[in-house]
Amino acid sequence: MLDTHARKFVQPPINHTAHWLLKKGFTADQITITALFIGLGTSILYVMGFPVLAVVFLWLSGFLDAVDGTMARHTKTSPFGTVMDITFDRIVEVSMIIAIAYVHPEVMWPLLLLSVSIVISMTIFLVVGSVSEKSGVKSFYYQAGLAERTEGFVLFSIMLLFPSLVYWSTLLFFAVELFTGAQRFMEARRILK
């Protein structure tokens, strides 16, 4: 929801950073890979006991994830770049879930439910994106929903920073992700009829 409706407010610094990196000779794929490693650093930092620094790395990774897409739209778009982007986003999310499970084994079941809800929602998102004739600024049809990447980052940040809330924030994340999957499924039924 925030990615779709609030992007216009954060797009100017994203554009500025994308143009600066392009002038320095970086490619969108290089920034995608950088975002992956910074995102994986989030999990490492969290396990090592640095939750605040982990959240900083998480948001930096997310910022670069937005920058790489802007860079790609200003150069030649690479279909493999899209595959890397979506795959690496999931790798970062899964590594965070594993790190939280390592630090808080008592919330293993809610984390498993969260993982399942992400798989369901992303499956619908990716299938609709590939079979839909609609397109947008991305290289595929992007289905908006209640939980987009920014909402996930907000919920992950709460999970990392407030250990006493990790159980309930994980269940909230699960519910929001499942609701988003249902939203996307209903939209798919409407647009693919």
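The structure under discussion appears in the preceding block.
Undergrad: Residue-level account of the pattern of salt bridges, with values.
TA: Under the defined criterion, the tally for this structure stands at 2 salt bridges. Residue Arg90 pairs with Glu93 through a salt bridge whose shortest N-O separation is 2.9 Å. Here Glu93 and Arg90 lie together in helix α5 (residues 79-103), a separation of 3 residues that amounts to about one turn. What makes Glu93 buried here is its relative accessible area of 12%. A salt bridge links Glu187 to Arg190; the nearest nitrogen and oxygen atoms lie 3.8 Å apart. Separated by 3 residues within a single helix, Glu187 and Arg190 lie in helix α8 (residues 166-191), roughly one turn from each other.

Undergrad: Break down the packing of helix α3 (residues 28-47) against helix α4 (residues 51-73) for me, citing the residues and quoting the values.
TA: It is the contact of α3 with α4, at a shortest axis distance of 8 Å, that shows an interaxial angle of 165 degrees. By the angle between their directions, the pair α3 and α4 is classed as roughly antiparallel. The element α3 and its partner α4 pack so that their crossing is left-handed. Here the contact of α3 with α4 is built from residues that sort into 16 nonpolar, 6 polar and 2 charged.

Undergrad: Run through helix α7 (residues 149-161), naming residues and quoting values.
TA: The terminal C-alpha atoms of α7 lie 18 Å apart, and with 13 residues this matches the ideal 18 Å at 1.5 Å per residue to within 8%. Those residues of α7 lying buried are Arg149, Glu151, Gly152, Phe153, Leu155, Phe156, Ser157, Met159 and Leu160.

Cut-offs applied
- Residues numbered from 1 in each chain as written.
- Predicted model: local features only at pLDDT ≥ 70, side-chain atom pairs only at ≥ 80, totals over all residues.
- Heavy atoms only, no water.
- Salt bridge = Lys/Arg side-chain N within 4 Å of Asp/Glu carboxyl O.
- Helix = DSSP H or I, 4+ residues; strand = E, 2+ residues; numbered from the N terminus.
- Buried < 20%, exposed > 50% of the residue type's maximum accessible area, 1.4 Å probe, protein only.
- Axes fitted to C-alpha atoms, helices over the stretch in contact; angles between N-to-C directions.
- Parallel < 35°, antiparallel > 145°, perpendicular 65-115°, else oblique.
- Left-handed = near helix turned anticlockwise from the far one by under 90°.
- Nonpolar A, V, L, I, M, F, W, Y, C, P; charged D, E, K, R; others polar.
- Expected span 1.5 Å × (residues − 1).

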